[in-house]
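Notes for the structure review
Spelled out from the first residue to the last, the chains are:
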Amino acid sequence: DFSFFFFFFCFEIMLQLPSKYTSRSKLLWIFTNWRSICQIACCLQLFLISLYILCFQLPCQSNDGEYLMQSIASSSGASNSELAVYPIPVHRNDFTFNADEHATLRELIAFGDKMSSLYHDHGDANTIFIALASYRDDECVHTIINAFETAMYPDRIRFGVFQQHNITDGDCTDFDKLVNCDYRYGIIHPMCGRFWQVQIDRISHRDAKGPMYGRYRAEQFYAGEDYVLQIDAHTRFVAHFDNILIDMFARIDNDYAVLTTYPKATDEKSENWLPPISTAHTPVVAICQTKILDRSFMFKHERGHFVRNPKQPVLTTFFAAGFSFAAGHRVRNVPSDPYLPYLFDGEEILMSARLFTSGYDMYMPDRDIIFHIYEEHRKRPLFWHDDWNRDKQKFEKIAQNRVLYILQLLERFKPNLLLNPVIFNMSVDVREIEAYAMGTQRDIEQYWQWIQMDFEGKQSADFCNDISKGKIERVPTKTIDEVEK
């Protein structure tokens with residue numbers, strides 16, 4: 001500090017005073033003139049700093065050698081009045097920004113005008129909670145970053161992340177390695193200033209207990225947001241996904257609607273591929289049928305089928321864990337069950353039935369919202385590959401029995417477990433069963449009839465044609481319909 005050195009400079013001057021001044025006189029001189037000494041030091045320091053700023057400070061430069069454009073657009077529309085902003089990732093067939101590293105304010109306005117012609121702008125008042133569970137998934141951090149890059153209103157996004165990684169895996173919040181928040185080195189990323197919108201809990205992958213438990217832990221971060229979006233950790237979003245979701249939900253006009261389906265796959269073979277913007281003419285994916293597996297008696301949905309776009313969200317019969325969007329009260333009314341360790345098959349049919357009986361209606365979206373990384377060369381470690389042993393298989397069977405018990409199918413498929421209370425307690429986990437049981441708005445038997453479940457043939461009806469034509473009939477609820485009216 002300059003003042004520090006100036007003090008020693010004055011001290012040296014004092015030492016050079018004539019010898020007629022005693023040591024006591026020198027000290028007295030310092031204390032007598034101390035205020036003047038400090039004032040002179042501060043004035044000199046301020047003068048030198050100002051001189052340095054005016055004469056020697058260089059302008060900030062980006063890492064590619066171009067100066068940061070940060071001038072205000074003039075009303076005359078001069079071409080040199082531009083503001084450099086972060087470009088929204090969008091497929092080149094939908095919109096093209098002149099530069100990959102940044103976009104101009106004009107380009108961003110033009111892109112917004114194009115999107116407004118497709119979707120009504122619902123504003124930024126509503127918040128969206130995104131529940132994300134990650135098991136050893138290096139795409140997790142890219143998924144979170146991509147959500148903020150593509151959101152129309154990034155301030156509305158809230159992430160609840162439950163991370164189950166090895167020490168050699170990347171962290172879901174390694175943002176500092178991938179985003180720039182220093183204007184001296186380029187355009188500021190949309191995540192900057194919004195890191196607080198990502199909450200995360202971490203455990204070792206060795207303590208992971210499967211996807212249902214992971215989703216339960218992610219949902220613990222829910223704090224009353226208006227909407228909840230459930231996705232996987234290897235996801236890419238379409239541009240303005242948040243506004244498109246709210247627009248679809250508003251068009252349904254049903255507060256108990258759940259938009260859900262299997263996401264389409266990303267195109268890893270195309271260089272620099274980005275999710276395209278879907279329209280009313282874009283084919284959509286329907287989950288048409290579910291089947292019962294022979295050995296475990298768990299349900300497994302058939303793969304999604306491309307169907308003609310019905311040009312509006314339509315009723316569907318099955319829930320997809322990789323993508324669902326609903327009002328926030330879904331998390332409170334139908335939360336994920338934490339007592340299903342290592343369960344994979346059976347999760348989706350259980351949520352389908354619980355949502356149905358709780359008065360929720362599942363809808364197939366008529367717009368693409370996310371894309372899923374399915375590619376083989378991007379495969380992630382799976383929980384049934386890491387240290388899979390007999391103990392985990394035992395807990396998986398107990399979880400499967402809990403699913404059958406909640407679905408009221410245990411007597412049909414495993415009646416011997418109900419004969420002896422001791423055997424039942426050893427084979428079925430019934431902890432907090434009331435909190436994760438069927439709802440009271442519809443009966444479970446109504447659901448089996450609704451999906452035309454053939455238990456002897458171990459499959460439901462195929463609803464591809466009915467879903468695409470919007471012919472699935474809604475089953476009335478006991479009280480919600482009257483309240484909504």
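So, a few notes on the structure that sits alongside this text.

The rules behind the values
Residues numbered from 1 in each chain as written. Predicted model: local features only at pLDDT ≥ 70, side-chain atom pairs only at ≥ 80, totals over all residues. Heavy atoms only, no water. Buried < 20%, exposed > 50% of the residue type's maximum accessible area, 1.4 Å probe, protein only. Helix = DSSP H or I, 4+ residues; strand = E, 2+ residues; numbered from the N terminus. Pairing = 2+ DSSP bridges. Right-handed = clockwise from strand over helix to strand, strands pointing away. Phe/Tyr/Trp six-rings, centres within 6.5 Å; stacked < 30°, edge-to-face > 60°. Lys NZ or Arg CZ within 6 Å of the ring centre and 35° of its normal. Patch = residues over 30% accessible without salt bridge, like charges linked within 9 Å, V, L, I, M, F, W, Y side chains within 5 Å. Areas by Shrake-Rupley, 256 points an atom, 1.4 Å probe, with all protein chains shown as cover. Salt bridge = Lys/Arg side-chain N within 4 Å of Asp/Glu carboxyl O. Core = buried A, V, L, I, M, F, W, Y, C linked by side-chain atoms within 4.5 Å. Contact = heavy atoms within 4.5 Å. Polar contact = N/O pair within 3.5 Å; in protein donor to acceptor, adjacent residues only side chain to side chain.

Next up on the list: the pairing of strand β3 (residues 128-135). Burial of β3 is extensive: 7 of the 8 residues sit out of reach of the surface. Looking at chain direction, β3 and strand β4 (residues 157-165) are connected through 8 bridges and run parallel. The residue of β4 that forms the bridge with Phe 129 is Arg 158. Of the crossover connections in this fold, the one passing from β3 over helix α5 (residues 140-150) to the parallel β4 is right-handed. Pairing geometry for β3 and strand β6 (residues 227-232), over 6 bridges, is parallel.

This brings us to the packing of aromatic side chains. Any aromatic ring pair is given by two values, namely how distant the centres are and how the planes are angled relative to each other. Per the stated rule, a full pass over the model turns up 21 aromatic pairs. On the basis of an interplanar angle of 75 degrees and a centroid distance of 5.7 Å, the ring pair of Phe 129 and Tyr 222 is categorised as edge-to-face. Here Tyr 222 lies in the loop between α6 (211-219) and β6 and Phe 129 lies in strand β3, a separation of 93 residues in the sequence. For the pair Phe 129 and Tyr 222, one class covers both residues: buried. Aromatic ring contacts, followed pair by pair, group Phe 297, Phe 299, Phe 356, Phe 413, Tyr 447, Trp 448, Trp 450 and Phe 455 into a single cluster. Against the face of Tyr 213 rests Lys 209, its NZ or CZ located 5.3 Å from the ring centre. Its guanidinium or amino end placed over the ring of Phe 356, Arg 442 lies 4.7 Å from that ring's centre, counting from NZ or CZ.

Together, Phe 47, Leu 48 and Leu 51 make up a nonpolar patch on the protein surface, roughly 280 Å² of accessible area in all. Relative to the assigned elements, Leu 51 resides in helix α3 (residues 34-55). Since its relative accessible area comes to 37%, Leu 51 is described here as partly exposed.

This part is about the pattern of salt bridges. Here the structure, examined in full by the defined rule, presents 24 salt bridges. Linking Asp 232 and Arg 215 is a salt bridge whose minimum nitrogen-to-oxygen distance equals 3.5 Å. Here the residue Asp 232 occupies a position in strand β6, and Arg 215 occupies one in helix α6, the gap between them amounting to 17 residues. Pair check on accessibility: Asp 232 and Arg 215 agree, each one buried. In this structure, Arg 367 and Asp 366 form a salt bridge, with 3.1 Å as the shortest nitrogen-oxygen distance.

A few words on the nonpolar core. Ile 144 and Phe 241 are the most contacted members of the largest nonpolar core, which has 121 residues in total. Among the elements that line this core, the one with the most residues is helix α7 (residues 241-252), at 7 residues. Ile 144 has contacts with Leu 132, Phe 159, Val 161, Cys 172, Phe 175, Met 191 and Val 198, leaving out every residue within four places of it along the chain.

Turning our attention to the environment of Leu 132. Tracing the sequence through the fold places Leu 132 in strand β3. Taking the C-alpha atoms as reference, Leu 132 lies 9.4 Å from Ile 200; in sequence the two are 68 residues apart.

When you line up the elements, Lys 209 lands in the loop between β5 (198-204) and α6. Given a relative accessible area of 33%, Lys 209 falls into the partly exposed group. Along the primary structure Lys 209 and Pro 338 are separated by 129 residues, whereas in three dimensions their C-alpha atoms are 8.8 Å apart. Once residues within four sequence positions are removed from consideration, Lys 209 is found in contact with Gln 164, Leu 340, Pro 341 and Tyr 342. Of note is the side chain of Lys 209, whose polar atom sits 3.4 Å from the backbone oxygen of Asp 207.

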